[in-house]
Amino acid sequence: MTMALDETDDVALRPVSARDLATIDRWARGVDAYMSRARPFAEAADRHEPAAGLFWYVITERGRDAGTVWIELLLDGSEAVLGIFLGEAEDLGRGVGSAAIALAVAEFRRTHAEVPIVLRVRRSNARALACYRRAGFAVTESGSKSLASGEIVPYYRMVLVT
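Let me begin by describing the structure that accompanies this report. (Residues numbered from 1 in each chain as written. Predicted model: local features only at pLDDT ≥ 70, side-chain atom pairs only at ≥ 80, totals over all residues. Heavy atoms only, no water.)

1. Points about helix 3 (residues 126-134)
Put simply, the rule is: Note on classification: 1.4 Å probe, protein chains only; a residue is buried when its accessible area is under 20% of the maximum for its type, exposed when over 50%, partly exposed between these limits. Where helices and strands are cited, they refer to DSSP runs of H or I of at least four residues and of E of at least two residues respectively, numbered from the N terminus. The directions from the helix axis to the C-beta atoms are what the arc is built from. Any two residues whose heavy atoms approach within 4.5 Å at even a single point are treated as in contact.
Along helix 3, the residues classified as buried are A128, L129, C131 and Y132. With its buried residues spanning 165 degrees around the axis, helix 3 presents them on a single face. Exposed and facing more than 90 degrees away from the buried side of helix 3 are A126, R127 and R134. Buried residues along helix 3 sit in contact with strand 4 (80-86), helix 2 (96-109), strand 5 (117-122), strand 6 (137-146) and strand 7 (152-160). In the stretch just after helix 3, G136 is the one whose phi turns positive, near 105 degrees.

2. What about the packing of aromatic side chains?
Aromatic ring pairs are described here by two measures, namely the spacing of the ring centres and the angle between the planes. Cut-off, in case you're wondering: Aromatic contacts are taken between Phe, Tyr and Trp rings whose centres are within 6.5 Å, Trp giving its six-membered ring; a plane angle under 30 degrees counts as stacked, one over 60 as edge-to-face, and the others as tilted. Whether a charge sits over a ring depends on NZ of Lys or CZ of Arg being within 6 Å of the ring centre and within 35 degrees of the ring normal.
Counted according to the given criterion, the structure contains two aromatic pairs. With a centroid separation of 5.1 Å and an interplanar angle of 80 degrees, the aromatic rings of F55 and F108 are classed as edge-to-face. A residue pair is termed long-range when its members are at least 10 positions apart, and F55 in strand 2 (residues 54-61) and F108 in helix 2 qualify at 53 residues. Each member of the pair, F55 together with F108, is buried. Pairing Y132 with F137 gives two aromatic rings, centres 6.1 Å apart and planes at 65 degrees, and the pair type is edge-to-face. On the accessibility criterion, Y132 (9% relative accessible area) is buried. Residue classification places F137 among the buried positions, given a relative accessible area of 4%. Residue placement shows R123 over the ring face of Y156; its charged tip is 5.5 Å from the ring centre.

3. What to know about the sheet that holds strand 4
The condition that has to hold: The pairing criterion is simple: DSSP has to find at least two bridges between the two strands. Interaxial angles span 0 to 180 degrees and are taken between N-to-C directions of axes, which are lines fitted to C-alpha atoms, for helices over the stretch in contact.
Pairing in this open sheet of seven strands is mixed, and the strands run 1-2-3-4-5-7-6 from one edge to the other. Strands at the two margins of the open sheet, each flanked by one partner only, are strand 1 (11-15) and strand 6. Adjacent strand axes in the sheet meet at a mean angle of 30 degrees when their direction is disregarded. Summarising the sheet, strand 4 and strand 5 pair through two bridges and their orientation is parallel. Across the sheet, residue V81 finds its bridge partner in strand 5, namely V118. In the packing of helix 3 onto the sheet, contacts are made with strand 4, strand 5, strand 6 and strand 7, and the angle to strand 5 comes to roughly 160 degrees.

4. Some words on helix 1 (residues 21-28)
Among the residues of helix 1, L21, I24, W27 and A28 are the ones counted as buried. What you see down the axis of helix 1 is that its buried residues fit within an arc of 120 degrees, all on one side. In the stretch just after helix 1, G30 is the one whose phi turns positive, near 90 degrees.

5. Description of the environment of S149
Selection criterion: Side-chain atoms alone can form a polar contact between residues adjacent in sequence; in general such a contact is a pair of N or O atoms within 3.5 Å, and within protein one must be able to donate a hydrogen while the other accepts it.
Secondary-structure assignment places S149 in the loop between strand 6 and strand 7. Within polar-contact distance, the side chain of S149 engages the backbone nitrogen of E151 at 3.3 Å.

Here it is as structure tokens:
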């Protein structure tokens, strides 16, 4: 049974460091069934680095590591891309992701108030779509992409509107 978070629950973010990468990689096993990326675009990144445009965090709930979230400024500064996933199935559907997105957006907005925040989500990922809508994202486009396996994956592009 899952329970929704209430005001007494503690979802927080802490900056990713190199020591977190093994845990993030462990969590990422199997996520390819519902998402294409388990790390920021900057493939060599190994830590939270706001000066380089990477706001990358470990999500904690009540002091326990629960997942990861990042907002990555594109090189041209035109927009930033959000990515998130939770490490354990029991954390899904309880508001942990929504709370983490709100915290990450607030941190990013301290230095990049006007930069649009975007994401891509598979059309089949109903749980993620609901989470992103609750967080203030709206669908602006749809498309599809080919995975290395040859599978065609339909997706939505969403933009933060609140």
